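Survey of secondary and tertiary structure
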Amino acid sequence: MVTYIDWGLIIISALLIVSVIMQSKGAGLGGLSGADAGSVFTARRGIERTLFWVTIVLSVIFFALVITLLINP
């Protein structure tokens, strides 16, 4: 049982890393200009919204697997 949880953690963590990197790729270096750094908030649409929710779901699954691993040593 623990082996399945370990493999699940490896897979979920890799997917979580990929989803976070894909989210930050959209930010780019445009915010470093100083004029509008952090002052403009835009609504997430389309793939950005989907990627945002996928990241949240993956993080919840990751933490659930970690807690399960801690409860069942």
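1. Observations concerning the environment of Leu16
Note on placement: Leu16 falls in helix H1 (residues 2-25). Among the residues examined, Leu16 registers a relative accessible area of 17% and is labelled buried. When neighbours within four sequence positions are excluded, Leu16 is seen to be in contact with Thr55, Leu58, Ser59 and Phe62.

2. Digging into a nonpolar patch on the surface
On the surface, a cluster of nonpolar side chains totalling about 290 Å² of accessible area is made up of Trp53, Ile56 and Val60. Tracing the chain through its elements places Val60 in helix H2 (residues 47-71). A residue is classified by how much of its surface remains accessible, and Val60, at 53% relative accessible area, is exposed.

3. Concerning the nonpolar core
Residues Ile5, Leu9, Ile12, Leu16, Leu58 and Leu65 constitute the largest nonpolar core, which totals 6 residues. Among the secondary structure elements, those contributing two or more residues to this core are H1 and H2. Looking at this core, the element that brings in the most residues is H1, giving 4 residues. When neighbours within four sequence positions are excluded, Ile12 is seen to be in contact with Leu58, Ile61, Phe62 and Leu65.

4. Regarding H2
An ideal rise of 1.5 Å per residue puts 36 Å on 25 residues; H2 measures up with 36 Å between its terminal C-alpha atoms. Looking at H2, one finds that the buried residues are Leu51, Thr55, Leu58 and Leu65.

5. So, the side chain of Ser19
By the secondary structure assignment, Ser19 is in helix H1. Here Ser19 falls in the buried class, since its relative accessible area comes to 3%. A polar contact of 3.3 Å, which involves the side chain of Ser19, links it to the side chain of Thr55. Setting aside chain neighbours within four positions, we find Ser19 in contact with Leu51, Thr55 and Leu58.

What counts, and at which threshold
- Residues numbered from 1 in each chain as written.
- Predicted model: local features only at pLDDT ≥ 70, side-chain atom pairs only at ≥ 80, totals over all residues.
- Heavy atoms only, no water.
- Helix = DSSP H or I, 4+ residues; strand = E, 2+ residues; numbered from the N terminus.
- Buried < 20%, exposed > 50% of the residue type's maximum accessible area, 1.4 Å probe, protein only.
- Contact = heavy atoms within 4.5 Å.
- Patch = residues over 30% accessible without salt bridge, like charges linked within 9 Å, V, L, I, M, F, W, Y side chains within 5 Å.
- Areas by Shrake-Rupley, 256 points an atom, 1.4 Å probe, with all protein chains shown as cover.
- Salt bridge = Lys/Arg side-chain N within 4 Å of Asp/Glu carboxyl O.
- Core = buried A, V, L, I, M, F, W, Y, C linked by side-chain atoms within 4.5 Å.
- Expected span 1.5 Å × (residues − 1).
- Polar contact = N/O pair within 3.5 Å; in protein donor to acceptor, adjacent residues only side chain to side chain.

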